[in-house]
Amino acid sequence: MVQKLRKNFAYCLGIESTADDFSVGIVSADGKILSNVISAYIPEEGGIHPREAARHHAQVAGEVLERAFQKAGITPKDIAVVAFSQGPGLGPCLRTGATAARALASYLNVPLVGVNHCVAHIEIGKLTEQAKDPVTLYVSGGNTIVAAFEAKRYCVFGETLDIAIGNCLDVFAREAGFKQKEGKPFGAIIEQLATQGKELIPLPYVVKGMDLSFSGLLTAVIQLLHKGKYRLEDLCYSLQEVAFSMLTEVTERALAHTEKPEILLTGGVAANKRLQTMLDSIANEHDAKFSVVPKEFALDNGAMIAWAGMLAFQHGITTSVEESFVRLKWRLEEVHIPWIKEA
Ligand code: AMP
Ligand code: MG
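Residues numbered from 1 in each chain as written. Chains lettered and ligands numbered in written order. Predicted model: local features only at pLDDT ≥ 70, side-chain atom pairs only at ≥ 80, totals over all residues. Heavy atoms only, no water.

Another aspect to go through is the site of ligand 1. Taken together, 18 residues surround ligand 1, and among them G141, D170, G187, E191 and G268 come closest. Within the contact set of ligand 1, an oxygen atom lies 2.6 Å away from a side-chain nitrogen or oxygen of D170. When ligand 1 is considered free in solution it has 500 Å² of accessible area, and contact with the protein chains removes 91% of it. Looking at the shell around ligand 1, the elements with two or more residues in it are α4 (165–175) and α5 (186–194). For the shell around ligand 1, the leading source of residues is α5, giving four residues. Residue classes in the shell around ligand 1 are distributed as seven nonpolar, seven polar and four charged. The residue makeup of the shell around ligand 1 includes at least three contributed by each of domain 1 (2–118 + 298–334) and domain 2 (123–296). (Near = heavy atom within 4 Å. Polar contact = N/O pair within 3.5 Å; in protein donor to acceptor, adjacent residues only side chain to side chain. Areas by Shrake-Rupley, 256 points an atom, 1.4 Å probe, with all protein chains shown as cover. Helix = DSSP H or I, 4+ residues; strand = E, 2+ residues; numbered from the N terminus. Nonpolar A, V, L, I, M, F, W, Y, C, P; charged D, E, K, R; others polar. Domains from an automatic or database assignment.)

Here it is in structure tokens:
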């Protein structure tokens, strides 16, 4: 059943808080993105500490919400439904977003929708790139997933067995002593150095069936870094070549198996030009379209939660407060997707 939206109140507000970003987006029923305000937590050193990130989210929540309304040019009473990222992600971070969402929905007296973060990444990419039925490669700090729609679900065709590709790049960058200047991500610093790489250093290439493993590769490249035998540019280049070839192999096999007509690349690592080139070439070989989700919507963002929440709400899905507990390990294929018609 398609729920009727109150006339002139047809907006969904989405709250994203799975990891280091707190973000609020507002979308209309027909998929116009009115605002997407992101506040990133950048640790002084080391990786993301979940409680520190959650503290950041709680501190900025009020201001980010206000800016999202200002940018959208609407008022809270125009909101018909509040969506939030219910999982997967870091417990303290998810709980902060869920608490804000529950409070807002109860104050506005509107329904709540718990959204799966990975579904949201795919749906916003389909919206912005007008992709219909892609094989999606979602590569970020916390996730590495190759997925496509099949049998009423987004099926995971391949994924990492240990760390995510973004995490692999970030840990290497920290070991190499890089500093994030002006918010430039570690992956982008590695990308820049890799362009000056000349020598391809042998590193472990680990694809098991359709799954990937990056931890052995990371250990090996860090060991070589500390030996000091190789140029940093060559290490960055080799790390990228090996890791991205692994991702490209699994994506190509998913494409060949599903015979889907397009590849969609998303997540923070999607910004990498070398990865884009590799995927573009396999898309060409399979006569498939290749699209990259624009950075603002490829990173963790509230607009994607709002849009996935809107799709669910329009198809009769709401989440009661009792069911709104966060799901740290919520898998993509567990989510029922009634808004896609089976081909
Ligand atoms: P997300 O988890 O989606 O917020 O994305 C953050 C991840 O994207 C981090 O691991 C970054 O290092 C990575 N990243 C950002 N820009 C690039 C780039 N140009 N190349 C590779 N990785 C990148
Ligand atoms: Mg992030």
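As for its placement among the helices and strands, N116 is situated in strand β5 (residues 112–116). Only 3.4 Å separates the side chain of N116 from the backbone oxygen of W330, close enough to count as a polar contact. Filtering out sequence-adjacent residues up to four positions away, N116 remains in contact with G87, P88, W330, R331, L332 and V335. (Contact = heavy atoms within 4.5 Å.)

Right, let's get into the coordination of the magnesium ion (ligand 2). Bound to the magnesium ion (ligand 2) on the protein side are D20 (OD) and D21 (OD), at distances that span 2.2 to 2.4 Å. A residue is classified by how much of its surface remains accessible, and D20, at 22% relative accessible area, is partly exposed. (Donors = N, O, S within 2.8 Å, 3.2 Å for Na, K, Ca; no water. Buried < 20%, exposed > 50% of the residue type's maximum accessible area, 1.4 Å probe, protein only.)

Here V113 lies in strand β5. Under the relative-accessibility criterion, V113 is labelled buried at 1%. A sequence separation of 208 residues divides V113 from V321, and the C-alpha atoms of the two residues are 9.5 Å apart. Discounting residues that sit within four places of it in the chain, V113 has contacts with V81, V82, A83, F84, G309, A312, F313, I317, T318 and T319.

On to a positive patch on the surface. A cluster of basic residues, K181, K184, K273 and K295, forms a positive patch on the protein surface. Here K295 is to be found in helix α9 (residues 295–298). (Patch = residues over 30% accessible without salt bridge, like charges linked within 9 Å, V, L, I, M, F, W, Y side chains within 5 Å. Salt bridge = Lys/Arg side-chain N within 4 Å of Asp/Glu carboxyl O. Lys, Arg positive; Asp, Glu negative; His and termini not counted. Charge placed at Lys NZ, Arg CZ, Asp CG, Glu CD.)

Moving on: the domain arrangement of the protein chain. As far as domains go, the protein chain holds domain 1 (2–118 + 298–334) and domain 2 (123–296). Computed over C-alpha atoms only, the centres of domain 1 and domain 2 are separated by 26 Å. Taken together, the contacts link 21 residues of domain 1 with 23 residues of domain 2. Connecting domain 1 to domain 2 are one salt bridge. Here E159 and R331 are joined by a salt bridge, their closest N and O atoms 3.0 Å apart. Linking domain 1 with domain 2 are eight residue pairs in polar contact (both at pLDDT 80 or more), by the criterion used here. If you list the elements that add at least two residues to the side of domain 1 that touches domain 2, you get β3 (33–40), α3 (117–129) and α10 (302–314). Residues of the side of domain 1 that touches domain 2, tallied by class, amount to eleven nonpolar, six polar and four charged.

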